[in-house]
Protein chains: 2
Amino acid sequence: MNSNDNLPTEVVSAIRQVVGNGKHTLHQPSFSSLEVSMVSECIESTFVSSSGYFVDKFEKSLAEYTGANFAVAVVNGTSALHLALNVAEVSAGDEVLIPALSFIATANAVSYCNAIPHFVEVESETLGIDADKLERYLVSICELRDSECFNRITNRRIRALVPMHTFGHPSNLERLLEVCKQFNIVLIEDAAESLGSLYKGKHTGTIGTMGVFSFNGNKILTTGGGGAVVTDSQELARKLKHLSTTGKVSHKWEFNHDVIGFNYRMPNLNAALGCAQFTKLTKFIESKRELYLRYKSAFLQIDGITLFGEAKDTYSNYWLQTIILDESVAHQRDSILQQTHEVGLMCRPAWTLLSDLEPYFETPRMDLSFTRSLASRIINIPSSPDLIG
Amino acid sequence: MNSNDNLPTEVVSAIRQVVGNGKHTLHQPSFSSLEVSMVSECIESTFVSSSGYFVDKFEKSLAEYTGANFAVAVVNGTSALHLALNVAEVSAGDEVLIPALSFIATANAVSYCNAIPHFVEVESETLGIDADKLERYLVSICELRDSECFNRITNRRIRALVPMHTFGHPSNLERLLEVCKQFNIVLIEDAAESLGSLYKGKHTGTIGTMGVFSFNGNKILTTGGGGAVVTDSQELARKLKHLSTTGKVSHKWEFNHDVIGFNYRMPNLNAALGCAQFTKLTKFIESKRELYLRYKSAFLQIDGITLFGEAKDTYSNYWLQTIILDESVAHQRDSILQQTHEVGLMCRPAWTLLSDLEPYFETPRMDLSFTRSLASRIINIPSSPDLIG
């Protein structure tokens, strides 16, 4: 065991070297007069609610930027994933494979479909699902019945795989797609954190059948609260939009609804904020990538700590900067968190593994030893785009 | 049958007499520089997302205004009702009594709990649930088992009653409370349309165990998209807030969640708009009540049409002005809608009965003859607060 009791002090010093004095949150959005003027224009139009110029423009911007054919804007990332799973025909009693290392929204969206999250391992290279381990696991527990994948142990259908691109870093999508193809499983990307990140030159979110984004206040681009689903399929896009608008059938005045839909449409007010943010997205990503380089240099001298960098074939938006402790210093994580908090540097550990949360105690999972070890050694450090002037 | 073929022309003329020339929507919000400045202040604070000054202030304003002890602000009225039903322990397989005449959100929120909407009749006096008919119906089909109400026909528990205060007009809450007490059913008010309306001097939303509001763009007070639940119970309020914030257990940095919650919190950006709107609510209600008087005078001369006015013991916000056709002229409804649309006066029929919508074909219902007749004779006419200068 490394006995470097100075580690918390060294971490504080390395962060200070990059961000300077004062208090720093983990992530705060960057606004200018443009956000104020676009939102004011929205209010003056009186169209602040579920339809309007800015919602259309925001969806168009997102589709163009990512290269997806269609984008449907909704109230948040959770509702986006819920919609995508719905449209992918995830049904009551199905299982959906998700990484054990994610925010609870990934699992909850599965639960809203009355389906069951099935937790899988992540890898050190991408912090996302380990495709090789997943493949071996599925070979051992699954079989195809009438071309559908079934878990032989639970006797439930496995309908979808939802890789999440952790802290902005793309998962190994090529290998995950191969696994999905082999087992006839739908791949839906949880790209909540990875707007602007690329896998082999292609935008995350556009590689699976559908991709889901979040525009929460802590994300690289914010609409206050918001989310979206992107897809290349016109049919899926039509269904997503229909379901997000209470399943209402278009008519001049009549109220007919042909399905149990949702009230999930992004308000125009929030989209106006997002339209302003979109003009700055490239700059935000450049800032975050520059911030990574500065942190890299600052942490280079510290034994036992690695600043996480993008994997082969990926280009990351570096949404949250991430340090990973060696196992030898893993026991110092809470001391580091304590000390950084005391000096006003907001740092954060990884999420508690989803498989360890009370609502998900009883759900299926593969061996999660590596995920458990890795998660216990992750700390996110201040990552706001404005840290780079 | 009344052969007054001039009726559509007479209706247009009566509306024009009140609203003047030009195009008029059914309902559009009223904004001034105050909305722009409060929302700008919110953006400049960088707190645009799920917590902040304006969300707290908005909740406080709503509680103070309605006289409820607690208010929890969420993304929309649908999510508010979903949360309230959850907290009222509406469980999978339960039935929930709701009026057949309502927007589909009332039924969908029940479905999200995997419960079954059970449709009941409305009355002409309030346009809300007919308490006498409901009582007779429940006597005929229900029995108490261990103090819980069961539908003897379906063998399902009836857990809650959700009266909806149609177009702002309070239902007969006193009688409905009596019926709920008799059958041990929880009363949750769908006050989505009735912010500011009173029943016997008490605010709608505060009379049942919980009350639900909507602040959608078409409502008397808008946050772009938004909703809230009010209650006098500290314990229910705590649960509502916890469930609306992903069930996260408070901690400086750890992510623990003890229930499957929802991402339902109202963003601070939307609350800022709502805080500005709140300062004008009294004026909006006065305008709408004045608009009612002007329409009343304009429609007085037209045979076969009644402008709907508030019932005994109620004070209405007159959210949507409503004309009701006599049965003798009911067949002219679509001609009236057609002609008003052609001249740029946006009018709207009542919702298709929920019991007649495809997703709810198979659900239980009492005899809905009167509701069907009434609904077919309702037209809402332009109702924006700015129609009164």
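Residues numbered from 1 in each chain as written. Chains lettered and ligands numbered in written order. Predicted model: local features only at pLDDT ≥ 70, side-chain atom pairs only at ≥ 80, totals over all residues.

**Digging into the interface of chain B and chain A**
- Between chain B and chain A, the residue contacts involve 51 residues of the former and 51 residues of the latter.
- Every element with two or more residues in the side of chain B that touches chain A is listed here: α2 (33-44), α5 (104-112), β13 (256-257), α9 (268-278), α11 (333-342) and β17 (348-349) of chain B.
- A total of 5 residues in the side of chain B that touches chain A trace back to one element, the largest contributor, which is α2 of chain B.
- Classifying every residue of the side of chain B that touches chain A gives 21 nonpolar, 24 polar and 6 charged. (Contact = placed C-beta atoms within 7 Å. Helix = DSSP H or I, 4+ residues; strand = E, 2+ residues; numbered from the N terminus. Nonpolar A, V, L, I, M, F, W, Y, C, P; charged D, E, K, R; others polar.)

**Description of the sheet that holds strand β15 (residues 314-315) of chain A**
All names here are of chain A.
- Reading across the sheet, the 3 strands line up as β9-β8-β15 and stay open at both edges, with antiparallel pairing between neighbours. Two strands in the sheet have a free side with no partner beyond their single neighbour: β9 (202-203) and β15.
- In the sheet, strand β8 (residues 198-199) pairs with β15 via 2 bridges, with the strands oriented antiparallel. Its bridge partner being in β15, L198 is matched across the sheet by Y315. (Pairing = 2+ DSSP bridges.)

**Observations regarding the nonpolar core**
- Among the nonpolar cores identified, the biggest contains 264 residues, and A84 and L85 of chain A together with A84 and L85 of chain B are the most heavily contacted of them.
- Beyond its immediate sequence surroundings of up to four residues, A84 of chain B is in contact with I188, M210, V212 and V229 of chain B. (Core = buried A, V, L, I, M, F, W, Y, C linked by C-beta atoms within 7 Å. Buried ≥ 20, exposed ≤ 12 C-beta atoms within 10 Å, placed from the backbone.)

**Brief notes about the packing of helix α9 (residues 268-278) of chain A against α9 of chain B**
- The geometry of α9 of chain A relative to α9 of chain B is characterised by a closest axis approach of 10 Å and an angle of 125° between their N-to-C directions. With respect to α9 of chain B, the element α9 of chain A is oriented oblique. In the crossing of α9 of chain A with α9 of chain B, the sense of the turn from one axis to the other is right-handed. On the side of α9 of chain A, the interface is formed by L269, N270 and L273 of chain A, while α9 of chain B contributes L269, N270 and L273 of chain B.
- By residue class, the composition of the contact of α9 of chain A with α9 of chain B is 4 nonpolar, 2 polar and no charged. (Axes fitted to C-alpha atoms, helices over the stretch in contact; angles between N-to-C directions. Parallel < 35°, antiparallel > 145°, perpendicular 65-115°, else oblique. Left-handed = near helix turned anticlockwise from the far one by under 90°.)

**Here we look at the domain arrangement of chain A**
All names here are of chain A.
- Segmenting chain A into domains produces domain 1 (7-29 + 281-387) and domain 2 (33-278).
- Look at where the C-alpha atoms of domain 1 and domain 2 centre, and you get two points 25 Å apart.
- With 35 residues of domain 1 at the contact, the number on the domain 2 side is 39 residues.
- The set of elements that each furnish at least two residues to the side of domain 1 that touches domain 2 consists of α10 (281-299), β15 and α12 (369-375). (Domains from an automatic or database assignment.)

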